[in-house]
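Descriptive analysis of the structure
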Amino acid sequence: MKIAIMTDIHGNLEALQAVMDQVKSVESIFVLGDMIAMGPNSNEVMALLREDARVHMITGNHDEAVVSLKKGNGHPASYVHTREHHKWVASQLEQTHADYLDALPRERVFSIDGMQLKGIHYHIPEYKKDASILEEPFADIVGESLDNVQSLFGDYEEDVICFGHHHPVHFFQDHRHVYLNPGALGVGKDDKARFAIVEGVNEKVTVSLQEVPYDKETFLRKMETYDVPQREVMLRLFY
């Protein structure tokens, strides 16, 4: 069985389209949150994902923050630097997509050739498992190293831990786990969209890190044409 792992699409339709063209033969697609915001095409990204029956999503911090605003429940205090942008995304987001995101779980577990694969946007401490986004449940980001991912995910029961949130690629193994972050699909300073293929064979997993070029010029032009709020900061920091 082959599973495509994607995360942090962030409203980048061009990057998502490039990747979807590459995963036509996989049985399942596992999307690990932050489908929306930052890029200009949150509605189009959600529509493309939702129309594919192979896609299974979980929610990320940007998804939850935007939906919280759309529901009138407020916005996390430390997200002040994204508030103007999230308000714009919330005002644009179709209600059907907001309702869909609101109903998503924060984690999913798949069985792959006798092993358990867990997807979570990022580590959430046990005492915050049911906390709202206003309580900022996701752990602080740590650097990409085996020691750091073990400190976050080492106690998880599943064999393969897939996550996102931190945009660089993470791929580490120890005697208990495979730790995989395929890298942000829709965020990067180059023109590559990143994802991974996980395959189970004889109770072992193989991981293939993938990247494909996408039409970044069109993406950047849309950021200007749509007058995306706070785009100057996002472009400088992430694109």
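The rules behind each value
- Starting afresh in each chain, residues are numbered from 1 along the sequence in its written order.
- Side-chain atom pairs in this predicted model are given and counted only at pLDDT of 80 or more, local residue features only at pLDDT of at least 70, and totals for whole chains, interfaces and linings cover all residues.
- Side-chain numbers here rest on the full set of heavy atoms in the structure, without hydrogens or water.
- UniProt positions are given in the numbering used here, feature names are shortened, and annotations may be inferred rather than shown by experiment.
- Patch definition: residues with relative accessible area over 30% and no salt bridge; like charges joined within 9 Å; nonpolar side chains (Val, Leu, Ile, Met, Phe, Trp, Tyr) joined within 5 Å.
- Only the protein chains shown count as cover for residues, and all accessible areas are computed by the Shrake-Rupley method using a 1.4 Å probe.
- Every case where a carboxyl oxygen of Asp or Glu lies within 4 Å of a side-chain nitrogen of Lys or Arg is listed as a salt bridge.
- Under the scheme used here, helices are H or I runs from DSSP no shorter than 4 residues and strands are E runs no shorter than 2 residues, and both carry numbers assigned from the N terminus.
- For every residue, the accessible area obtained with a 1.4 Å probe (protein chains only) is divided by the maximum for its type, and the residue is called buried under 20%, exposed over 50%, and partly exposed between those limits.
- Two residues qualify as a contact provided that any one of their heavy atoms is within 4.5 Å of a heavy atom in the partner residue.
- Strand pairing is defined by DSSP finding a minimum of two bridges between the two strands.
- Here an axis means a line fitted to C-alpha atoms, over the contact stretch when the element is a helix, while the angle between two N-to-C directions is reported on a 0 to 180 degree scale.

With an unreviewed UniProt entry as reference, the protein chain is termed Metallophosphoesterase, source organism Paenisporosarcina cavernae. Its UniProt record gives the protein chain the following Sequence similarities (unreviewed entry) comment, quoted word for word: "Belongs to the metallophosphoesterase superfamily. YfcE family."

1. Details of a nonpolar patch on the surface
A surface patch of nonpolar side chains, amounting to about 220 Å² of accessible area, comprises Val169, Phe171 and Leu209. One can find Phe171 in strand β7 (residues 170–173).

2. Section: the side chain of His170
Position of His170 among the secondary structure elements: in strand β7. Owing to a relative accessible area of 2%, His170 belongs among the buried residues under this scheme. If we ignore the near neighbours within four places in the chain, the residues touching His170 are Glu144, Val149, Phe163, Tyr179, Leu180 and Asn181.

3. Re the sheet that holds strand β5 (residues 115–120)
Sheet strands associate in pairs through backbone hydrogen bonding, adopting either a parallel or an antiparallel arrangement. Reading across the sheet, the 5 strands line up as β4-β5-β6-β8-β7 and stay open at both edges, with mixed pairing between neighbours. Whereas interior strands pair on both sides, the edge strands pair on one side only; in this sheet they are β4 (107–112) and β7. Neighbour to neighbour, the strand axes of the sheet diverge by 15° on average, direction disregarded.

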